[in-house]
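# Structural description and commentary
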Amino acid sequence: MKYTILLIVLPLLFAFLSMIFKNQKKPLLYLGITVNVALLFIISKGTYMIGGFDAPYGINLVLDQYSYIGVILINSLFFLSILSNSKLIGSYSPVYLTLLAGVNGMILTGDLFNLFVFIEITTISAYILTSQSKKYIHTFNYLIIGSIGSGLYLLGVMLLYAGFGSLNLADIAAKSSAATGLLLPLLLIFVGLSVETKLVPFNGWVRGIYKNSNGLVGSLLASIVASAALFVMGRVLNSLFATSAFMSNIIILVAVITLMSGEFSAFKGKSIKEILLYSSIGQSGLITLLMVTGLIFPAILLIINNAVSKLVMFSIADEISPENKTYSDLKGSFAQRKILGLGFTVASFSLIGLPLFLGFYAKINSLIGLFDINVLLPLVILLITVVEGAYLIRLNIALWHPGEEGESVYDVKVVTQAESNMGMILTVALLSFVIIITGLKPDLLGNSVLSDHSLLNTKTMTTTSEFLIDLKGGL
Amino acid sequence: MIQISAIVLMLLGIYGLLTTKHIIKMIIGLNIFEVGLNIFIITIGYKTGAVAPILTSQNNSSILNFVDPLPQAIVLTAIVIGFGITAVGLILAKKIYVQHNTYNIDEIGGKI
């Protein structure tokens, strides 16, 4: 049945309804996100045309295995982040619903101009949400960079339209496989998408925005908008850029620089949110690197790992220190909040890629894939993993260890578990459970979400079962 | 020719954005960039001597020389989106003015 379009339309409907029924804003928001999660159980894969025009002429929605994973990840995490930070919603319910419609559209659409529209819907919602922090100059910065980026993206798309007479991604990909002289449009499209994926020269907005946003907006941006942008980046890279070796090399270079600069800046970070924002930049670089080298499966695992971990960590960072203190001022703050602390530790260990967690499976998969392509790239990732481990374990020690008697400068306000946020505790416990279970039994992912291995048709990828055989053979 | 002038207009907008320190002028620069982009998109579908793609009593044959209507539809959408962005930008500019009592980026400092 054709329920897929409802993932985009229903949040918009609820957003407009909550503009009319202003005193029912919050119930409508909860209804909207619940309906979207319920829709995940009844959507079926396929390509859906909209408006009765067939694919190259009309807009179509593509729900293949790749976007199916994206939609499941994004809608369920959106539900959980709203649930865990419900006290921070305020009067912005319609904007959250519009954001949800925008990210779903970004992942589902198969049309390049439609993608532009959904990127704009998402970013305009993000501008409004980030202005809650009252640091308007950072939001203005984000608005200028984002608008120029999407303008350049639109210019690139229109150059492709002038060349091929089509806006459909699959259609252009088929027509452009033998074409030359696509450097300018591809470069413009890449620059446009890089703004949202936080690649190196275009991520000047990230610091001001992430550092000042509250737990809900921060976790939405870092886990949901970032994942949607990376899913889009992966699809565009693997359909359009597959033929251009020169572009691929440029993107690999940009991705490696992003990865290294992000992780080294995170090492120098002073507050939890600062560390998390630079770590997000680094992870974006790593995922883009995997996408452009065609390692779709490890890239998706890393997106899942990054999204789940960042949701947990951003929510907890805001819960224990809304005013964004340096972490040396927060010594021992997990001593009163053991469940949140355990969740934070599990998420950060998974982000490093320690064994027993999902991140290990994602990272070793990407290393095995990259060794087939190049020797230097895996070395970069290993080096970066050491840096990641250093700062995240240091952060964990500081937050757990109360310090010597009289040394703890943090004025410990005794918070019992019952007093603190129940929704957040449930979410953190659930997501930590997911990280550990999928880390211990990666086949669970393989059997449920990744059951169909034909993710993207252009390049090969390592499947779960193949990977396990490889690992056994290797060991 | 008109395509080149559209690209010059876009570059002028970016130049304005990069050189000015005034927030309202930055929004104007952004708008000049968008106008240049829209003109460029329109020119993609333009054909000299062609008619609008509407069948009327005068133009009642489908073999007539039509312009491409798709870029026009796209520009319509792009104008609406540009309007939305300008509106959000102006709201932010007003809020910045209320907060810092200036429109100059240098005086605000931009400290993070």
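Residues numbered from 1 in each chain as written. Chains lettered and ligands numbered in written order. Predicted model: local features only at pLDDT ≥ 70, side-chain atom pairs only at ≥ 80, totals over all residues.

### Concerning the confidence of the model for chain B
Any region with low pLDDT has predicted coordinates that should not be read closely. Residue and element names in this part refer to chain B. Scored by pLDDT, chain B comes out at a mean of 89, with 97% of its residues at no less than 70. Across chain B, the secondary-structure element scoring lowest on mean pLDDT is helix 4 (residues 105-108), at 85, and the one scoring highest is helix 2 (residues 23-44), at 94. Two numbers describe this predicted complex: its pTM, 0.90, and its ipTM, 0.94. (pLDDT = per-residue confidence, 0-100. Helix = DSSP H or I, 4+ residues; strand = E, 2+ residues; numbered from the N terminus.)

### Section: the interface of chain B and chain A
Listed per partner, the contact involves 25 residues of chain B and 24 residues of chain A. Broken down by secondary-structure element, the contributors of at least two residues to the side of chain B that touches chain A are helix 2 and helix 3 (69-100) of chain B. Split into classes, the residues belonging to the side of chain B that touches chain A amount to 18 nonpolar, 5 polar and 2 charged. (Contact = placed C-beta atoms within 7 Å. Nonpolar A, V, L, I, M, F, W, Y, C, P; charged D, E, K, R; others polar.)

### Looking at helix 2 of chain B
An ideal rise of 1.5 Å per residue puts 32 Å on 22 residues; helix 2 of chain B measures up with 32 Å between its terminal C-alpha atoms. All of the buried residues along helix 2 of chain B are B:Ile23, B:Met26, B:Ile27, B:Gly29, B:Leu30, B:Phe33, B:Glu34, B:Gly36, B:Leu37, B:Asn38, B:Phe40 and B:Ile41. Those residues of helix 2 of chain B that are buried are in contact with helix 6 (136-164) of chain A together with helix 1 (2-19), helix 3 and helix 4 of chain B. (Expected span 1.5 Å × (residues − 1). Buried ≥ 20, exposed ≤ 12 C-beta atoms within 10 Å, placed from the backbone.)

### Structural notes on helix 3 (residues 65-84) of chain A
Along its 20 residues, helix 3 of chain A runs 28 Å from first to last C-alpha, staying within 8% of the 28 Å computed at 1.5 Å per residue. With 15 of 20 residues buried, helix 3 of chain A is to be regarded as a mostly interior element.

### Regarding the packing of helix 6 of chain A against helix 8 (residues 183-197) of chain A
Residues and elements named next belong to chain A. The contact between helix 6 and helix 8 brings their axes to 7 Å, and the two run at 150°. In terms of axis orientation, helix 6 runs roughly antiparallel to helix 8. In this structure, helix 6 meets helix 8 at a crossing whose hand is left-handed. Taking contact as the criterion, the partners of Ile145, Gly146, Gly149, Ser150, Leu152, Tyr153, Leu155, Gly156, Val157, Leu159 and Leu160 in helix 6 are, on helix 8, Leu184, Pro185, Leu186, Leu188, Ile189, Val191, Gly192, Leu193 and Val195. Residues of the contact of helix 6 with helix 8, tallied by class, amount to 15 nonpolar, 5 polar and no charged. (Axes fitted to C-alpha atoms, helices over the stretch in contact; angles between N-to-C directions. Parallel < 35°, antiparallel > 145°, perpendicular 65-115°, else oblique. Left-handed = near helix turned anticlockwise from the far one by under 90°.)

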